[in-house]
Amino acid sequence: MRIGIGYDTHKLVKNRELIIGGVAIPYEKGLLGHSDADVLVHAIMDSLLGAMALGDIGIHFPDNDSKYKDISSIKLLTHVKKLLMVNNYTIENIDTIIAAEKPKLSPYINEMRQNIASSLDIKVEQINIKATTTEGLGFIGKNLGISSYSISLLK
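None of the values given here were measured: they were computed from a predicted structure. (Residues numbered from 1 in each chain as written. Predicted model: local features only at pLDDT ≥ 70, side-chain atom pairs only at ≥ 80, totals over all residues. Heavy atoms only, no water.)

Novice: Would you mind showing me how to read the nonpolar core here?
Specialist: Proteins that are soluble and globular tend to have nonpolar side chains buried together. Of all hydrophobic cores here, the largest spans 42 residues; its most connected members are Ile20, Leu48, Ile116, Leu120 and Ile146. Counting only elements with at least two residues in this core, the list comes to strand 2 (18-20), strand 3 (23-25), helix 1 (39-51), helix 3 (73-86), strand 5 (91-99), helix 4 (109-120), strand 6 (127-132) and strand 7 (145-154). Looking at which element gives the most residues to this core, the answer is helix 1, with eight residues. Those residues in contact with Ile116 that lie beyond four places of it in its chain are Gly21, Leu40, Val41, Ile44, Ile74, Leu77, Ile127 and Ile129. (Core = buried A, V, L, I, M, F, W, Y, C linked by side-chain atoms within 4.5 Å. Buried < 20%, exposed > 50% of the residue type's maximum accessible area, 1.4 Å probe, protein only. Helix = DSSP H or I, 4+ residues; strand = E, 2+ residues; numbered from the N terminus. Contact = heavy atoms within 4.5 Å.)

This is the structure:
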């Protein structure tokens, strides 16, 4: 068994689409990043790469490489799935938290779980996604950004 932890955060800005867990969420702001800035999928990829001791997403998908500009993070997740297969790992489960003051994410969690499970070829029951606020504290509480945490168990 191998355990990995992942974390990601992105700044909220105007004139960007908000994509979390591969879901386009209607909101006045989106996350700033080189790719689609899907904070949840980035944390999941880092937790999976960490459990395999294969570095982080910056090594595999550098933000100075134009081929990753505005790319869907779900597509990048399928590359991580291939690394799992090549290294003979299977996912036992993934547990995640999204920290965002706004927008309300609970209506989108089931679709996020389905997108991620499908990309990793696992059962929806193997991925858990929780959403929370920071009760108005810090940069998240001031609605300046969104963060996500992930822990993965591989066998």
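Novice: What exactly am I supposed to notice about the sheet that holds strand 6 here?
Specialist: Strands belonging to one sheet form pairs held by backbone hydrogen bonds; the direction of such a pair is parallel or antiparallel. Pairing in this open sheet of five strands is mixed, and the strands run 4-1-7-5-6 from one edge to the other. Every interior strand has two partners, whereas the edge strands, strand 4 (30-31) and strand 6, have only one. Judged from the ten bridges that link them, strand 1 (residues 2-13) and strand 7 form a sheet pairing that is antiparallel. Within strand 7, the residue paired with Lys11 across the bridge is Gly145. The strands touched by helix 4 are strand 5 and strand 6; relative to strand 6, the strand with the most contacts, the crossing angle is about 145 degrees. (Pairing = 2+ DSSP bridges. Axes fitted to C-alpha atoms, helices over the stretch in contact; angles between N-to-C directions.)

Novice: Explain the packing of helix 1 against helix 4 to me, please; I cannot follow it from the model alone.
Specialist: Orientation of helix 1 relative to helix 4, taken along the N-to-C sense of each, is 40 degrees, at an axis distance of 12 Å. Considering the angle they form, helix 1 stands oblique to helix 4. Considering only the axes of helix 1 and helix 4, their crossing is right-handed. Across from Leu40, Val41, Ile44 and Leu48 in helix 1, the residues of helix 4 making contact are Met112, Ile116 and Leu120. Considering only residue class, the contact of helix 1 with helix 4 consists of seven nonpolar, no polar and no charged. (Parallel < 35°, antiparallel > 145°, perpendicular 65-115°, else oblique. Left-handed = near helix turned anticlockwise from the far one by under 90°. Nonpolar A, V, L, I, M, F, W, Y, C, P; charged D, E, K, R; others polar.)

Novice: Which parts of the structure should I look at to understand the environment of Tyr27?
Specialist: Its place among the elements puts Tyr27 in the loop between strand 3 and strand 4. The spacing of Tyr27 and His79 is 52 residues in sequence and 29 Å in space, taken between C-alpha atoms. Every residue in contact with Tyr27, bar those within four places of it in the chain, is listed here: Leu18, Lys102, Pro103 and Asn143. Polar contacts involving the side chain of Tyr27 include one to the side chain of Asn143, which spans 2.7 Å. (Polar contact = N/O pair within 3.5 Å; in protein donor to acceptor, adjacent residues only side chain to side chain.)

Novice: Explain the side chain of Ser35 to me, please; I cannot follow it from the model alone.
Specialist: You can see Ser35 is positioned in the loop between strand 4 and helix 1. A residue is classified by how much of its surface remains accessible, and Ser35, at 8% relative accessible area, is buried. Engagement of the side chain of Ser35 in a polar contact is seen with the backbone nitrogen of Ala37, the distance being 3.1 Å. When near neighbours in sequence (up to four residues on either side) are disregarded, Ser35 contacts Arg16, His42, Tyr68, Asp70, Ile71 and Ser73.

Novice: What exactly am I supposed to notice about the side chain of Ser47 here?
Specialist: Topologically, Ser47 is positioned in helix 1. Using a relative accessible area of 0% as the deciding quantity, one classes Ser47 as buried. A distance of 2.9 Å separates the side chain of Ser47 from the side chain of Ser150, its partner in a polar contact. Aside from chain neighbours lying at most four places away, what touches Ser47 is Gly4, Ile5, Gly6, Ser150, Ile151 and Ser152.

Novice: What is the right way to read the packing of helix 1 against helix 3 from this model?
Specialist: For any two helices packed against each other, one specifies the crossing angle of their axes together with the interaxial distance. Contact geometry for helix 1 and helix 3: axes closest at 10 Å, N-to-C directions at 10 degrees. Viewed along their axes, helix 1 and helix 3 adopt a mutual orientation that is roughly parallel. Viewed along their axes, helix 1 and helix 3 form a crossing whose handedness is left-handed. The segment helix 1 lies against helix 3, with Val41, His42, Ile44, Met45, Leu48 and Leu49 engaging Ser73, Ile74, Leu76, Leu77, Val80, Leu83 and Leu84. Looking at the contact of helix 1 with helix 3 residue by residue, the class counts come to eleven nonpolar, two polar and no charged.

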